[in-house]
Amino acid sequence: MPANVARESLMSKFKAHYKKNNHPLTPEFVIAHAVPMFFFTIVGTWVIGIADVLPTIYRDKGPTTVLLQRLFVSFLFAEMMMNWLCIRYVDSSYSHYKKSGQGHSIDVEGQGDGKGKTSVENNENGSRTPQTAGLRERFVKPSSMDFSGSASKDKTGGKTVKYPYWSWCPCFQCDVMRPPRCHHCALCNTCILKRDHHCYFAGTCVGWRNLRHFVIFCLWATLACSYALVHALYYIYHYFWFRISYLDFMPPLTVLRMMLGYTSPIVVIYMSVTCFLFYFAFLSASFLLEHTMMIKNGMTSFEHDNLNRKKIEIIDNRPLSGRLQSVFGLNWGLSIFLPLHNVYPPTEDPLLWPTIKVQRHTSE
Ligand SMILES: [Zn+2]
Ligand SMILES: [Zn+2]
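Every chain's residues receive numbers from 1 upward, in the order its sequence appears when written. Labels follow written order: the first chain is A, the first ligand is 1, and so on. Restriction of local features to residues with pLDDT of at least 70 applies here, the model being predicted, together with a cutoff of 80 or more for giving and counting side-chain atom pairs; totals for whole chains, interfaces and linings are based on all residues. Hydrogen atoms and water are omitted, and side-chain values are computed over all heavy atoms in the structure.

S.K.: What is the right way to look at the pairing of strand β12 (residues 312–316) in this model?
M.R.: Taken residue by residue, a regular strand's side chains alternate between the two faces of the sheet. Type-normalised accessible area, obtained with a 1.4 Å probe on protein chains alone, sets the label of each residue: buried when under 20%, exposed when over 50%, and partly exposed for intermediate values. Numbering goes from the N terminus for both helices and strands, where a helix is a DSSP run of H or I of at least four residues and a strand is a run of E of at least two. A large share of β12 lies buried, amounting to four of its five residues. The pairing criterion for strands is at least two bridges between them, as found by DSSP. Bridging between β12 and strand β13 (residues 356–360) involves five bridges; their strand directions are antiparallel. Paired with D316 across the strands is I356, a residue of β13.

Structure below.
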């Protein structure tokens, strides 16, 4: 199966890279443990906070304060989890877009007669619209993917056909022509519209429809993790210090200490959750900052990481409100609190990108 071959090829590249650099976190390890680690930290923080930390810290302020604190923390938890579920289940794939009957699409499968030709023409915007026939017969998968575009070899003459980044180009795994900014994810095994990145903690790709949930999740996660960390450190300093040692701030050592009988399982859970909270607070804040800048500049992280901006520049001249609406839809302020992706979808066309101008600095 071509899709399996592509996935294995990507995995073998990852493996070679990690082996060469002696990286302890292999891709398999990350894929298998990211979602359980996220759940352990977030659900653990909420349960420990509600059941122990908040009642202990606010005991002297009365039951109303404890109740309000519990409600506030539960609200942060609910907003986070709602957006996490939306990242995971709001589908940004090109196949979903075509199935839902939005806009227009070009499906190559079944059209080929083995003799057809593929041509790509410029439209007035500079993006390109394909006319395809016989794609599967005419092209073979390129040996390596060039992220600044993709190159395909004509089977008959060995002629290389180059597709610039901002163009429709063939996906050999999905067997379709895909629009600009749409990229294939080997882990999701599908083409994702306006692909941003693959989120290991949600186990899916972030793209055209669910990018808003990712950014809003990062916003709530930054607030929630910071709030939890302040309380966790206060709680440890005032109520937990006598039960732990400095070594317990390193979870593997805490586990070892528990196995040797120096500490209890509750210390392992509390200290692991606290250490992971540091990690998630830093991660969500940095993602929030990074994606705020991306939306302001009208780019995706895929483009930020992979495009040679000396050669190609993506220019979005809309005012800031237009760029916010292109991700969060109309009434974007309301989307911070409610998942309104069906009511207010992103305002940009994920196939034609009429508001984006692409500037090439060198000839291709
Ligand atoms: Zn694909
Ligand atoms: Zn993916």
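S.K.: Explain the coordination of the zinc ion (ligand 2) to me, please; I cannot follow it from the model alone.
M.R.: Perfect tetrahedral coordination of a metal by four donors corresponds to 109.5 degrees between them, and perfect octahedral coordination by six donors corresponds to 90 or 180 degrees. Because no water is among the atoms considered, metal sites can look incomplete, with donors defined as N, O and S atoms within 2.8 Å of the metal, or 3.2 Å for Na, K and Ca. Within the first shell, the zinc ion (ligand 2) binds the protein through C185 (SG), C188 (SG), H198 (ND1) and C205 (SG), at distances of 2.1 to 2.3 Å. Angles of 101 to 117° at the metal separate the four donor atoms of the zinc ion (ligand 2), which places the site in the tetrahedral class. Taken in chain order, the donor set of the zinc ion (ligand 2) reads C-x2-C-x9-H-x6-C. One end of the pair, C185, is in strand β8 (residues 183–185); the other, H198, is in strand β10 (residues 197–199), with 13 residues separating them in the sequence. Looking at C185, the relative accessible area reads 3%, which means it is buried. For four-coordinate sites, all angles between 85 and 135 degrees define a tetrahedron; for four- and six-coordinate sites, opposite donors beyond 155 degrees with the remaining angles between 65 and 115 define square planar and octahedral shapes respectively, and all other cases count as irregular.

S.K.: Would you take a moment to explain helix α7 (residues 251–259) for this structure?
M.R.: Quick reminder: α-helices carry 3.6 residues per turn. Residues three or four places apart thus point the same way. By the burial criterion, the buried members of α7 are P251, T254 and R257. Along α7, the residues classed as buried sweep out an arc of 115° about the axis, all on the same side. Exposed residues lying more than 90 degrees from the buried face of α7 are P252 and M259. Looking at the buried residues of α7, the elements they touch are α8 (265–297). Of the residues flanking the end of α7, it is G261, one or two places downstream, whose phi is positive at about 85°. Directions drawn from the helix axis to the C-beta atoms are what define this arc. What makes two residues a contact is simply this: any of their non-hydrogen atoms within 4.5 Å.

S.K.: What is the right way to look at the coordination of the zinc ion (ligand 1) in this model?
M.R.: The zinc ion (ligand 1) binds to the protein through C171 (SG), C174 (SG), H184 (ND1) and C191 (SG); the donor distances cover 2.0 to 2.3 Å. Geometry at the zinc ion (ligand 1) is tetrahedral, judged from its four donor atoms and the angles of 102 to 123° they form at the metal. Mapped onto the sequence, the donors of the zinc ion (ligand 1) take the spacing C-x2-C-x9-H-x6-C. Linking C171 in strand β6 (residues 169–171) with H184 in strand β8, this pair joins segments that are 13 residues apart in sequence. The residues C171 and H184 share a single accessibility class, namely buried.

S.K.: What am I meant to see in helix α10 (residues 320–328) here?
M.R.: Among the residues making up α10, those that are buried are G322, R323, L324, S326, V327 and F328. Its buried side turned inward, α10 meets α6 (211–240), α8, β12 and α11 (332–335). Remark: G329 follows α10 within two positions and exhibits a positive phi of approximately 80°.

S.K.: Any chance you could explain the environment of L334 here in plain terms?
M.R.: Relative to the helices and strands, L334 resides in helix α11. Residue L334 is classed as partly exposed on the basis of its relative accessible area of 44%. Separated by 10 residues in sequence, L334 and Y344 place their C-alpha atoms 9.9 Å apart.

S.K.: Hey, could you run me through the environment of F77 in this one?
M.R.: Note that F77 resides in helix α3 (residues 63–89). The class of F77 is buried, set by a relative accessible area of 17%. Sequence separation of F77 and V43 is 34 residues, and the distance between their C-alpha atoms is 8.3 Å. If sequence neighbours within four positions are ignored, F77 has contacts with I42, V43 and W46.

S.K.: I would appreciate a short explanation of the side chain of R195 in the present structure.
M.R.: The residue R195 is located in the loop between β9 (190–192) and β10 in this model. At 8.6 Å, D196 is the nearest oppositely charged side chain to R195, a buried residue that forms no salt bridge. What R195 contacts, discounting residues up to four positions off in sequence, is R181, H183, C185, C205, V206, G207, T300 and F302. For this count, His and the chain ends are skipped, Lys and Arg are scored as positive, and Asp and Glu as negative. What makes a salt bridge here is a side-chain nitrogen of Lys or Arg within 4 Å of a carboxyl oxygen of Asp or Glu, nothing more.

S.K.: It is not clear to me how the packing of aromatic side chains should be interpreted in this structure. Could you clarify?
M.R.: To describe a pair of aromatic rings, you give the distance between the ring centres and the angle between the ring planes. Here a pair means two rings of Phe, Tyr or Trp (six-membered ring of Trp) with centres within 6.5 Å. Their orientation is stacked below 30 degrees between planes, edge-to-face above 60, and tilted elsewhere. Following the criterion strictly, the structure yields 24 aromatic pairs and no others. Judged by centre distance (5.5 Å) and plane angle (85°), the rings of Y97 and W208 are edge-to-face. Of this pair, Y97 sits in helix α4 (residues 94–99) while W208 sits in the loop between β11 (204–206) and α6; the two residues are 111 residues apart in sequence, bridging distant segments of the chain. Among the residues examined, Y97 registers a relative accessible area of 5% and is labelled buried. Of the residues examined, W208 reaches a relative accessible area of 6% and is grouped as buried. Here a set of aromatic residues connected by ring pairs shows up, and it is made of F38, F39, W84, F201, F217, Y279 and F280. Two conditions define a charge sitting above a ring: the NZ of Lys or the CZ of Arg must be within 6 Å of the ring centre, and it must be within 35 degrees of the ring normal. The side chain of K98 reaches across the aromatic face of Y94, ending 5.0 Å from its centre. When the ring centre of W353 is taken as origin, the NZ or CZ atom of R181, which lies over that ring, is 4.7 Å away.

S.K.: I would appreciate a short explanation of the pattern of salt bridges in the present structure.
M.R.: A pair can form between side chains of opposite charge whenever their charged atoms are brought close. Evaluated as defined, the whole model comprises five salt bridges. A salt bridge links D316 to R318; the shortest N-O distance between them is 2.7 Å. R318 carries the same exposure label as D316, and that label is buried. Linking E348 and R318 is a salt bridge whose minimum nitrogen-to-oxygen distance equals 3.4 Å. Remark: R318 occurs in the loop between β12 and α10 and E348 occurs in the loop between α11 and β13; sequence separation between them is 30 residues. The exposure class of E348 is buried, given its relative accessible area of 6%.

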